[in-house]
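The chain contents come next:
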Amino acid sequence: MTDIDKTAGPKDTPPARTEAIKAIPVRHYGRYVTAVIAIAVLFAIVYAFAQGKINWHAVPDYFFDDRIMTGVGKTLLLTVLSMLIGIVGGVVLAVMRLSKNPVTSSIAWFYIWFFRGTPVLVQLFLWFNLGLVFEYINLMPIYKDYWSSFMTPLLTALLGLGLNEAAYMAEICRAGLLAVDEGQTEAAHALGMSHGKTLRRVVIPQAMRVIVPPTGNEVINMLKTTSLVAAVQFSELFRYAQDIGQNSGAPVEMYFLAAAWYLIMTSVLSVGQYYLERYYARGSSRTLPPTPWQKVKKNLTTFSSRKVTA
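The structure presented is a predicted model; accordingly, all values stated were derived computationally and were not measured.

## Side note on the overall build of the chain
Argument step 1. Helix and strand counts for the chain stand at 12 helices and two strands.
Argument step 2. Taking all 310 residues of the chain together, the buried fraction comes to 27%.

In structure tokens form, the structure reads like this:
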């Protein structure tokens, strides 16, 4: 009997040839059609504004006017002070909301429910007209005056914007604190750290990664919401633009001017928010995505190297 070599293959079979795969890109005609429609609509809007009865020359004439620049400064100041009140109040309310004490937790819940459930403009008018309830304010030997004299437009704006913002910041801070695993707190307590030290050293630094993005959005939203305080006679960017428009006979042009300044300020704040988010996201991933400036440098380096090679 002849032994058969099972491992041996057919000797006459030629080796298989591997052909290069020719990839044919998929054509997305819908994208081209959508792009053409979007560009056409954009040109139509630009043309409509260009043909409108708007004196565009008035915008650069008053863009750096002293009153406008004063309004920009007051808008930024009001934004910073209102956000400070909102952040501090939000942290306090978040801790109260998470407290095991039912009284403090209920007070925080009622505060958040009330201020989130009523419009900011209504709250501004309520603060401004509380003199009907409190005829005067009496702080014993420190201060005593009529409510109408005490509640200035600036104080009305700060209370109306800051206390309303505290309700939203409370929910943002609460969500950030709850996002930290409870094991972190238990481990810190096991090491002998107090509750306050655990919050400062362990919980809050990790919660900032969740708190910072919505807080940046709240800052930008606050900057725009400051325009409402013109209703309670506080002069800021929008109020100054209105006054200039009424005196110069170009009210619509001054609205465009105010919108341009709001866009500039919100753009600067958006850049700051972006880098602040990167700072607190350092421990969440091994490598952070490149910044826009890093992308530009990389593209320039790649383009120059290709040019030298060619």
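Read on, since the account is not over.
## Some words on the packing of aromatic side chains
Argument step 1. Throughout the structure, instances matching the rule amount to 11 aromatic pairs.
Argument step 2. The interplanar angle of 5 degrees and the centroid separation of 6.2 Å between the aromatic rings of Trp109 and Trp113 together place this pair among those described as stacked. Of this pair, Trp109 and Trp113 both sit in helix H4 (residues 102-117), four residues apart, which is roughly one turn of that helix.
Argument step 3. For Trp109, a relative accessible area of 45% corresponds to the partly exposed category.
Argument step 4. Both rings, one in Phe110 and one in Trp113, keep their centres 5.5 Å apart while their planes meet at 40 degrees; by these two values the pair is tilted. With a gap of three residues between them, Phe110 and Trp113 both fall in helix H4, about one helical turn apart.
Argument step 5. A connected cluster of aromatic rings, assembled from ring pairs, spans Phe49, Trp56 and Phe256.
Argument step 6. Over the ring of Phe234 we find Lys74; its NZ or CZ atom is 6.0 Å from the centre of that ring.

## Details of H4
Argument step 1. Counted at 1.5 Å a residue, the expected span for H4 with its 16 residues is 22 Å, and the 22 Å between its end C-alpha atoms agrees.
Argument step 2. Restricting attention to buried positions, one finds in H4 the residues Ser105, Ala108, Tyr111, Ile112 and Phe115. Across the axial projection of H4, the buried residues extend over an arc of 125 degrees, all falling on one side. Exposed side of H4, more than 90 degrees from the buried face: Pro102, Val103 and Gly117 are the residues found there.
Argument step 3. For H4, the side-chain oxygen to backbone nitrogen distance between the N-cap and Val103 is 3.0 Å, and the N-cap itself is Asn101.

## Focus: the packing of helix H5 (residues 120-128) against helix H7 (residues 153-179)
Argument step 1. The interhelical angle for the contact between H5 and H7, taken along N-to-C directions, is 135 degrees, at an axis separation of 9 Å. The pairing of H5 with H7 is recorded here as oblique in orientation. Here H5 runs over H7; the crossing is right-handed. Contacts between H5 and H7 involve Val120, Gln123, Leu124, Trp127 and Phe128 from the first element and Thr156, Ala157, Leu159, Gly160, Leu161, Leu163 and Asn164 from the second.

## Focus on helix H8 (residues 182-190)
Since the α-helix advances by 3.6 residues per turn, residues separated by three or four positions end up pointing in the same direction.
Argument step 1. For H8, the capping residue at the N-terminal end is Asp181, with a side-chain oxygen 2.8 Å from the backbone nitrogen of Gly183.
Argument step 2. Downstream of H8 by one or two residues, Gly192 has phi in the positive range, about 95 degrees.

## Quick look at the nonpolar core
Argument step 1. Formed by 20 residues in total, the largest nonpolar core has its most connected members in Leu78, Leu124, Leu161, Met169, Ala207 and Val229.
Argument step 2. Listed by contribution, the elements that provide at least two residues to this core are helix H3 (66-97), H5, H7 and helix H9 (195-225).
Argument step 3. In this structure Met169 touches Met83, Gly86, Ile87, Gly90, Thr215 and Glu218, once residues within four positions along its chain are discounted.
Argument step 4. In this structure, Ile68, Leu223, Trp261 and Met265 belong to the second largest nonpolar core, which totals 16 residues.

## Some details on the side chain of Ser82
Argument step 1. Secondary-structure assignment places Ser82 in helix H3.
Argument step 2. Assessed through its relative accessible area of 0%, Ser82 is described here as buried.
Argument step 3. A polar atom in the side chain of Ser82 sits 2.7 Å from the backbone oxygen of Leu78.
Argument step 4. When near neighbours in sequence (up to four residues on either side) are disregarded, Ser82 contacts Ala157, Leu158, Leu161, Gly162 and Met222.

## Let's talk about unusual backbone geometry
Argument step 1. Of note in this structure, Gln233 is not a glycine but carries a positive phi near 70 degrees.
Argument step 2. The residue Gln233 is located in the loop between H9 and helix H10 (237-248) in this model.

## Considerations on the pattern of salt bridges
Argument step 1. For the structure on display, the rule yields five salt bridges.
Argument step 2. Asp65 is the partner of Arg67 in a salt bridge, and the nearest nitrogen-oxygen pair spans 3.1 Å.
Argument step 3. Several salt bridges converge on common partners, so that one network encompasses Arg97, Arg116, Glu171 and Arg174.

## What to know about the environment of Asp243
Argument step 1. Among the structural elements, Asp243 can be located in helix H10.
Argument step 2. Measuring from C-alpha to C-alpha, the distance between Asp243 and Arg67 comes to 9.5 Å, with 176 residues separating the pair along the chain.

## Looking at the side chain of Gln123
Argument step 1. Mapping Gln123 onto the fold places it in helix H5.
Argument step 2. The exposure class of Gln123 is buried, given its relative accessible area of 2%.
Argument step 3. Looking at Gln123, its side chain comes within polar contact range of the side chain of Asn164, at 3.1 Å.
Argument step 4. Other than its neighbours up to four places away in sequence, Gln123 contacts Phe115, Thr118, Gly160 and Asn164.

Parameters at a glance
- Along each chain, residue indices are assigned from 1 in the same order as the chain's sequence is written.
- Only residues with pLDDT of at least 70 are given local features in this predicted model, and only at 80 or more are side-chain atom pairs given and counted; all residues enter the totals for whole chains, interfaces and linings.
- Side-chain figures throughout are based on the complete set of non-hydrogen atoms in the structure, without hydrogens or water.
- Only DSSP runs of H or I reaching four residues or more are called helices, and only runs of E reaching two or more are called strands; each is numbered from the N terminus.
- To sort residues, take the accessible area from a 1.4 Å probe on protein chains only and compare it with the maximum for the residue type: under 20% means buried, over 50% means exposed, and anything in between is partly exposed.
- Two rings from Phe, Tyr or Trp (for Trp, the six-membered ring) form a pair when their centres sit within 6.5 Å of each other. Planes less than 30 degrees apart are called stacked, planes more than 60 degrees apart edge-to-face, and all others tilted.
- Charges are assigned to positions over rings by a cutoff of 6 Å between ring centre and Lys NZ or Arg CZ, combined with an angular limit of 35 degrees from the ring normal.
- Helix span, as expected, comes to 1.5 Å for every residue beyond the first.
- Here the arc refers to the set of directions running from the helix axis out to each C-beta atom.
- For this analysis, a polar contact is any N or O atom pair within 3.5 Å, provided that within protein one partner can donate a hydrogen and the other can accept it, and provided that sequence-adjacent residues contribute only side-chain to side-chain pairs.
- Whenever a helix is involved, its axis is fitted only over the stretch in contact; in every case the axis is a line through C-alpha atoms, and angles between N-to-C directions fall within 0 to 180 degrees.
- In these notes the angle categories are as follows: under 35 degrees is roughly parallel, over 145 is roughly antiparallel, 65 to 115 is roughly perpendicular, and the rest is oblique.
- Note on convention: near helix rotated counterclockwise from far helix by under a right angle means a left-handed crossing. Clockwise means right-handed.
- In what follows, residue pairs with any heavy atoms lying within 4.5 Å of each other are defined as contacts.
- What is meant by a nonpolar core is a set of buried Ala, Val, Leu, Ile, Met, Phe, Trp, Tyr and Cys residues, joined one to another through side-chain atoms within 4.5 Å.
- What counts as a salt bridge is simple: a side-chain nitrogen of Lys or Arg found within 4 Å of a carboxyl oxygen of Asp or Glu.

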